[in-house]
Amino acid sequence: MGLPHNPNIFANNPLDRVSHKRLDADWIAGQLKDKNSFILPMYKENIFVLPPAKPGSPPEVGFMRTDMFAEAYKNGATVMFLGLDKKNRAYFAVDLTDQGPDPSQSGPLKGFGEFGDLRGLAMTIDASDASIAAQAKAVLKWHSTHKFCSACGAPSVIAEGGYRRDCPKCHVQHFPRTDPVVIMLAVHGDKALLGRQKIFPKSMYSALAGFVEPGESIEEAVARELFEEASCRVSQVTYRFTQPWPYPMS
Ligand SMILES: [Zn+2]
(Lines give C-alpha, C1' and ligand atoms only; values in the text may rest on other atoms or scores of the structure.)
Protein backbone atom coordinates (compact mmCIF):
# COMPACT_ATOMS: atom_id res chain seq x y z
CA MET A 1 0.00 0.00 0.00
CA GLY A 2 1.41 3.35 -1.00
CA LEU A 3 0.44 6.82 0.04
CA PRO A 4 -2.71 8.37 -1.45
CA HIS A 5 -2.09 10.48 -4.56
CA ASN A 6 -1.19 14.10 -3.82
CA PRO A 7 -2.68 16.48 -6.43
CA ASN A 8 0.29 18.86 -6.35
CA ILE A 9 3.14 19.10 -8.81
CA PHE A 10 6.53 17.85 -7.52
CA ALA A 11 4.73 15.51 -5.08
CA ASN A 12 4.41 11.71 -5.47
CA ASN A 13 8.13 11.04 -5.85
CA PRO A 14 8.32 7.38 -6.99
CA LEU A 15 11.79 6.72 -5.59
CA ASP A 16 12.46 4.97 -2.29
CA ARG A 17 15.09 7.14 -0.59
CA VAL A 18 16.24 4.16 1.53
CA SER A 19 17.50 6.61 4.12
CA HIS A 20 18.75 3.75 6.31
CA LYS A 21 21.24 2.81 3.57
CA ARG A 22 22.54 6.30 2.86
CA LEU A 23 24.75 6.12 5.93
CA ASP A 24 26.83 3.40 4.22
CA ALA A 25 29.33 5.27 2.04
CA ASP A 26 30.59 2.03 0.49
CA TRP A 27 27.07 1.06 -0.55
CA ILE A 28 26.53 4.50 -2.10
CA ALA A 29 29.87 4.25 -3.96
CA GLY A 30 28.93 0.79 -5.24
CA GLN A 31 25.59 2.03 -6.52
CA LEU A 32 27.30 4.92 -8.31
CA LYS A 33 29.55 2.43 -10.14
CA ASP A 34 26.68 0.08 -11.02
CA LYS A 35 26.02 0.12 -14.77
CA ASN A 36 22.28 -0.06 -14.14
CA SER A 37 22.23 3.15 -12.13
CA PHE A 38 21.14 6.53 -13.47
CA ILE A 39 22.30 10.06 -12.83
CA LEU A 40 20.63 13.39 -13.51
CA PRO A 41 23.12 16.09 -14.53
CA MET A 42 22.44 19.64 -13.39
CA TYR A 43 24.16 22.82 -14.50
CA LYS A 44 23.54 26.26 -13.00
CA GLU A 45 20.37 24.93 -11.32
CA ASN A 46 18.98 23.70 -14.64
CA ILE A 47 18.14 20.05 -15.25
CA PHE A 48 19.33 18.03 -18.22
CA VAL A 49 16.60 17.13 -20.68
CA LEU A 50 16.58 14.89 -23.72
CA PRO A 51 14.74 15.78 -26.92
CA PRO A 52 11.18 14.44 -27.30
CA ALA A 53 11.05 10.75 -28.18
CA LYS A 54 8.77 11.64 -31.08
CA PRO A 55 7.66 14.92 -32.64
CA GLY A 56 5.04 16.73 -30.60
CA SER A 57 5.73 14.88 -27.35
CA PRO A 58 7.37 16.65 -24.40
CA PRO A 59 11.10 16.54 -23.64
CA GLU A 60 12.24 13.85 -21.22
CA VAL A 61 14.27 14.30 -18.07
CA GLY A 62 17.83 13.23 -18.87
CA PHE A 63 18.70 10.36 -16.56
CA MET A 64 22.11 9.27 -17.88
CA ARG A 65 24.64 6.50 -17.24
CA THR A 66 26.69 7.20 -14.15
CA ASP A 67 30.05 6.36 -15.80
CA MET A 68 29.74 9.38 -18.11
CA PHE A 69 30.91 11.70 -15.35
CA ALA A 70 33.96 9.93 -13.90
CA GLU A 71 36.09 13.03 -14.52
CA ALA A 72 33.61 15.27 -12.73
CA TYR A 73 33.58 12.95 -9.70
CA LYS A 74 37.39 13.11 -9.58
CA ASN A 75 37.24 16.89 -9.84
CA GLY A 76 34.99 17.19 -6.80
CA ALA A 77 31.59 17.63 -8.42
CA THR A 78 28.78 17.35 -5.87
CA VAL A 79 26.99 14.01 -6.26
CA MET A 80 23.88 13.07 -4.33
CA PHE A 81 21.90 9.86 -4.03
CA LEU A 82 18.21 10.20 -4.85
CA GLY A 83 16.83 6.72 -4.22
CA LEU A 84 15.90 3.38 -5.74
CA ASP A 85 13.16 2.77 -8.27
CA LYS A 86 10.83 -0.24 -8.20
CA LYS A 87 13.45 -2.30 -10.07
CA ASN A 88 16.02 -1.45 -7.39
CA ARG A 89 17.99 0.74 -9.77
CA ALA A 90 19.75 3.64 -8.08
CA TYR A 91 19.27 7.27 -9.11
CA PHE A 92 21.79 10.02 -8.48
CA ALA A 93 22.20 13.69 -9.40
CA VAL A 94 25.42 15.57 -10.11
CA ASP A 95 26.06 19.31 -10.15
CA LEU A 96 28.34 20.13 -13.11
CA THR A 97 28.27 23.89 -12.57
CA ASP A 98 31.89 24.15 -11.39
CA GLN A 99 33.25 21.71 -13.99
CA GLY A 100 33.70 24.20 -16.81
CA PRO A 101 31.51 25.56 -19.60
CA ASP A 102 28.06 24.19 -20.39
CA PRO A 103 28.66 20.40 -20.64
CA SER A 104 25.81 20.00 -23.09
CA GLN A 105 27.84 22.07 -25.56
CA SER A 106 31.36 20.74 -25.14
CA GLY A 107 31.49 17.99 -22.53
CA PRO A 108 30.31 14.40 -22.18
CA LEU A 109 26.71 15.42 -22.77
CA LYS A 110 27.34 17.08 -26.12
CA GLY A 111 24.78 15.93 -28.64
CA PHE A 112 22.45 14.29 -26.12
CA GLY A 113 20.26 17.20 -25.08
CA GLU A 114 20.30 20.50 -23.22
CA PHE A 115 19.81 22.06 -19.81
CA GLY A 116 16.45 23.64 -19.01
CA ASP A 117 14.65 25.41 -16.18
CA LEU A 118 12.60 22.98 -14.10
CA ARG A 119 9.88 25.53 -13.37
CA GLY A 120 9.28 26.04 -17.08
CA LEU A 121 9.43 22.33 -17.85
CA ALA A 122 7.43 21.09 -14.87
CA MET A 123 4.03 21.16 -16.54
CA THR A 124 5.19 19.27 -19.63
CA ILE A 125 7.64 16.61 -18.45
CA ASP A 126 6.53 13.37 -16.80
CA ALA A 127 5.13 14.18 -13.34
CA SER A 128 7.13 11.47 -11.56
CA ASP A 129 10.34 12.62 -13.23
CA ALA A 130 9.52 16.21 -12.26
CA SER A 131 9.30 15.19 -8.61
CA ILE A 132 12.68 13.43 -8.81
CA ALA A 133 14.21 16.48 -10.51
CA ALA A 134 12.75 18.69 -7.77
CA GLN A 135 14.44 16.56 -5.12
CA ALA A 136 17.76 16.86 -6.95
CA LYS A 137 17.47 20.58 -7.55
CA ALA A 138 16.58 21.40 -3.95
CA VAL A 139 19.41 19.40 -2.37
CA LEU A 140 22.10 20.38 -4.89
CA LYS A 141 21.18 24.05 -4.49
CA TRP A 142 21.64 23.68 -0.74
CA HIS A 143 25.10 22.17 -1.22
CA SER A 144 26.14 24.97 -3.56
CA THR A 145 25.34 27.60 -0.94
CA HIS A 146 26.44 25.77 2.23
CA LYS A 147 30.02 24.73 1.57
CA PHE A 148 31.30 26.11 4.86
CA CYS A 149 30.46 25.29 8.46
CA SER A 150 28.15 27.92 9.95
CA ALA A 151 29.60 27.23 13.41
CA CYS A 152 33.34 27.68 12.74
CA GLY A 153 33.73 28.67 9.08
CA ALA A 154 35.78 25.63 8.00
CA PRO A 155 34.98 23.93 4.68
CA SER A 156 32.42 21.17 5.28
CA VAL A 157 32.22 17.85 3.47
CA ILE A 158 29.31 15.97 1.96
CA ALA A 159 27.96 12.99 3.94
CA GLU A 160 25.06 10.54 4.03
CA GLY A 161 24.71 10.37 0.26
CA GLY A 162 24.17 14.12 0.10
CA TYR A 163 21.68 14.63 2.94
CA ARG A 164 24.19 16.03 5.39
CA ARG A 165 27.37 18.07 5.49
CA ASP A 166 29.92 17.44 8.21
CA CYS A 167 32.49 19.86 9.57
CA PRO A 168 35.85 18.07 9.93
CA LYS A 169 37.09 20.79 12.29
CA CYS A 170 34.36 21.22 14.92
CA HIS A 171 32.31 18.10 14.00
CA VAL A 172 28.99 19.91 13.71
CA GLN A 173 26.56 18.23 11.31
CA HIS A 174 24.50 20.34 8.90
CA PHE A 175 21.27 19.23 7.23
CA PRO A 176 19.52 20.47 4.07
CA ARG A 177 17.41 23.51 4.74
CA THR A 178 13.72 23.64 4.00
CA ASP A 179 11.64 26.79 4.33
CA PRO A 180 8.06 25.95 5.34
CA VAL A 181 5.43 28.11 3.70
CA VAL A 182 1.66 28.32 4.08
CA ILE A 183 -0.58 28.97 1.09
CA MET A 184 -4.13 29.71 2.12
CA LEU A 185 -7.44 30.41 0.46
CA ALA A 186 -9.50 32.58 2.80
CA VAL A 187 -13.24 32.18 2.29
CA HIS A 188 -16.21 34.21 3.51
CA GLY A 189 -19.60 32.87 2.53
CA ASP A 190 -19.37 32.04 -1.15
CA LYS A 191 -16.45 34.41 -1.79
CA ALA A 192 -12.71 33.70 -1.72
CA LEU A 193 -9.90 36.17 -1.07
CA LEU A 194 -7.28 36.39 -3.81
CA GLY A 195 -4.35 38.75 -4.26
CA ARG A 196 -2.00 39.84 -6.99
CA GLN A 197 1.48 41.28 -7.30
CA LYS A 198 2.44 44.11 -9.61
CA ILE A 199 4.59 41.72 -11.63
CA PHE A 200 1.69 39.33 -12.31
CA PRO A 201 0.28 39.26 -15.85
CA LYS A 202 -3.01 41.10 -16.26
CA SER A 203 -6.00 39.28 -14.71
CA MET A 204 -3.77 36.85 -12.79
CA TYR A 205 -4.58 36.37 -9.12
CA SER A 206 -3.36 33.90 -6.52
CA ALA A 207 -4.11 32.67 -3.03
CA LEU A 208 -2.16 34.47 -0.30
CA ALA A 209 0.97 32.87 1.13
CA GLY A 210 3.82 33.45 3.52
CA PHE A 211 6.68 31.85 5.42
CA VAL A 212 6.06 30.04 8.69
CA GLU A 213 8.13 31.69 11.41
CA PRO A 214 10.14 29.82 14.07
CA GLY A 215 8.00 28.76 17.00
CA GLU A 216 4.78 29.12 15.04
CA SER A 217 2.18 26.51 14.04
CA ILE A 218 0.98 26.48 10.45
CA GLU A 219 -2.47 27.59 11.64
CA GLU A 220 -0.93 30.56 13.45
CA ALA A 221 1.11 31.40 10.35
CA VAL A 222 -2.07 31.40 8.23
CA ALA A 223 -3.82 33.74 10.67
CA ARG A 224 -0.83 36.09 10.98
CA GLU A 225 -0.18 36.31 7.24
CA LEU A 226 -3.84 36.96 6.43
CA PHE A 227 -3.92 39.82 8.91
CA GLU A 228 -0.57 41.21 7.71
CA GLU A 229 -1.47 41.08 4.04
CA ALA A 230 -5.22 41.71 4.04
CA SER A 231 -6.22 42.83 7.58
CA CYS A 232 -8.41 39.72 7.82
CA ARG A 233 -9.06 37.91 11.08
CA VAL A 234 -9.70 34.19 10.69
CA SER A 235 -11.92 31.97 12.80
CA GLN A 236 -10.97 28.53 11.51
CA VAL A 237 -8.02 27.07 9.61
CA THR A 238 -8.34 23.74 7.82
CA TYR A 239 -5.32 21.83 6.50
CA ARG A 240 -5.58 20.47 2.94
CA PHE A 241 -2.27 19.05 1.72
CA THR A 242 1.45 19.69 1.29
CA GLN A 243 3.73 20.21 -1.69
CA PRO A 244 7.49 20.00 -2.21
CA TRP A 245 8.81 23.23 -3.70
CA PRO A 246 12.39 23.22 -4.99
CA TYR A 247 12.85 26.99 -5.23
CA PRO A 248 14.49 28.20 -2.03
CA MET A 249 13.05 31.32 -0.48
CA SER A 250 10.20 31.65 -2.93
ZN1 LIG B 1 32.80 23.69 12.07
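Refer to the structure above for everything that follows.
Just so you know, these numbers come straight off a predicted model, no measurement behind them.

Scanning the protein chain for helices and strands turns up six helices and 14 strands. If one aligns the C-alpha atoms of the protein chain with their principal axes, the spans along those axes are about 60 × 55 × 40 Å. The burial tally for the protein chain puts 37% of its 250 residues in the buried class. For the protein chain, the share of sequence-separated contacts (at least 6 apart) that also reach a separation of at least 24 residues comes to 57%. Summing over all exposed atoms, the protein chain offers an accessible surface of approximately 15500 Å²; the carbon and sulfur share of this is 55%.

Take unusual backbone geometry next. Positioned with a positive phi, F10 is a non-glycine residue whose angle comes to about 75 degrees. Residue position: F10 is located in the segment before helix 1 (25-33). With a relative accessible area of 4%, F10 lands in the buried category. If you check the backbone angles, S203 has positive phi at about 70 degrees while not being a glycine. Turning to its location among the elements, S203 is positioned in the loop between strand 13 (191-193) and strand 14 (208-211).

Assignment of secondary structure puts V172 in the loop between strand 9 (164-166) and strand 10 (173-174). On a C-alpha basis, the gap between V172 and S150 in space is 8.9 Å, while along the polypeptide they are 22 residues apart.

Spanning 13 residues, helix 6 (residues 218-230) covers 18 Å between terminal C-alpha atoms, matching the ideal 18 Å at 1.5 Å per step. If you check which residues of helix 6 are buried, you get A221, V222, R224, E225 and L226. One or two steps after helix 6, the chain reaches S231, where phi turns positive at roughly 55 degrees.

Turning to the packing of aromatic side chains, a few remarks are in order. Here the structure, examined in full by the defined rule, presents nine aromatic pairs. Aromatic pair F48 and F115: ring centres 5.2 Å apart, planes at 55 degrees, arrangement tilted. One end of the pair, F48, is in strand 2 (residues 46-50); the other, F115, is in strand 7 (residues 114-116), with 67 residues separating them in the sequence. Here F48 matches F115 in class, with each residue buried. Among the aromatic residues, those joined into a cluster by ring pairs are F10, W245 and Y247. Taking NZ or CZ as reference, R22 lies 3.6 Å from the ring centre of Y163, over its face. Directly above the aromatic system of F227 lies the positively charged group of R233, at a separation of 3.7 Å from the ring centroid.

This next bit is on the coordination of the zinc ion. Those protein atoms acting as donors to the zinc ion are C149 (SG), C152 (SG), C167 (SG) and C170 (SG), and they sit at 2.2 to 2.4 Å. One way to put it: the four donor atoms around the zinc ion meet at angles of 101 to 116 degrees, and that makes the site tetrahedral. The sequence pattern formed by the donor residues of the zinc ion is C-x2-C-x14-C-x2-C. A residue pair is termed long-range when its members are at least 10 positions apart, and C149 in the loop between helix 5 (127-145) and strand 8 (157-159) and C167 in the loop between strand 9 and strand 10 qualify at 18 residues.

This part takes up a nonpolar patch on the surface. A surface patch of nonpolar side chains, amounting to about 430 Å² of accessible area, comprises L185, V187, L194 and Y205. The residue L185 is located in the loop between strand 11 (181-184) and strand 12 (186-188) in this model.

Each value, and the rule that gives it
- Residues numbered from 1 in each chain as written.
- Predicted model: local features only at pLDDT ≥ 70, side-chain atom pairs only at ≥ 80, totals over all residues.
- Heavy atoms only, no water.
- Helix = DSSP H or I, 4+ residues; strand = E, 2+ residues; numbered from the N terminus.
- Buried < 20%, exposed > 50% of the residue type's maximum accessible area, 1.4 Å probe, protein only.
- Contact = heavy atoms within 4.5 Å.
- Areas by Shrake-Rupley, 256 points an atom, 1.4 Å probe, with all protein chains shown as cover.
- Expected span 1.5 Å × (residues − 1).
- Phe/Tyr/Trp six-rings, centres within 6.5 Å; stacked < 30°, edge-to-face > 60°.
- Lys NZ or Arg CZ within 6 Å of the ring centre and 35° of its normal.
- Donors = N, O, S within 2.8 Å, 3.2 Å for Na, K, Ca; no water.
- Tetrahedral: all angles 85-135°; square planar, octahedral: opposite > 155°, others 65-115°.
- Patch = residues over 30% accessible without salt bridge, like charges linked within 9 Å, V, L, I, M, F, W, Y side chains within 5 Å.
- Salt bridge = Lys/Arg side-chain N within 4 Å of Asp/Glu carboxyl O.

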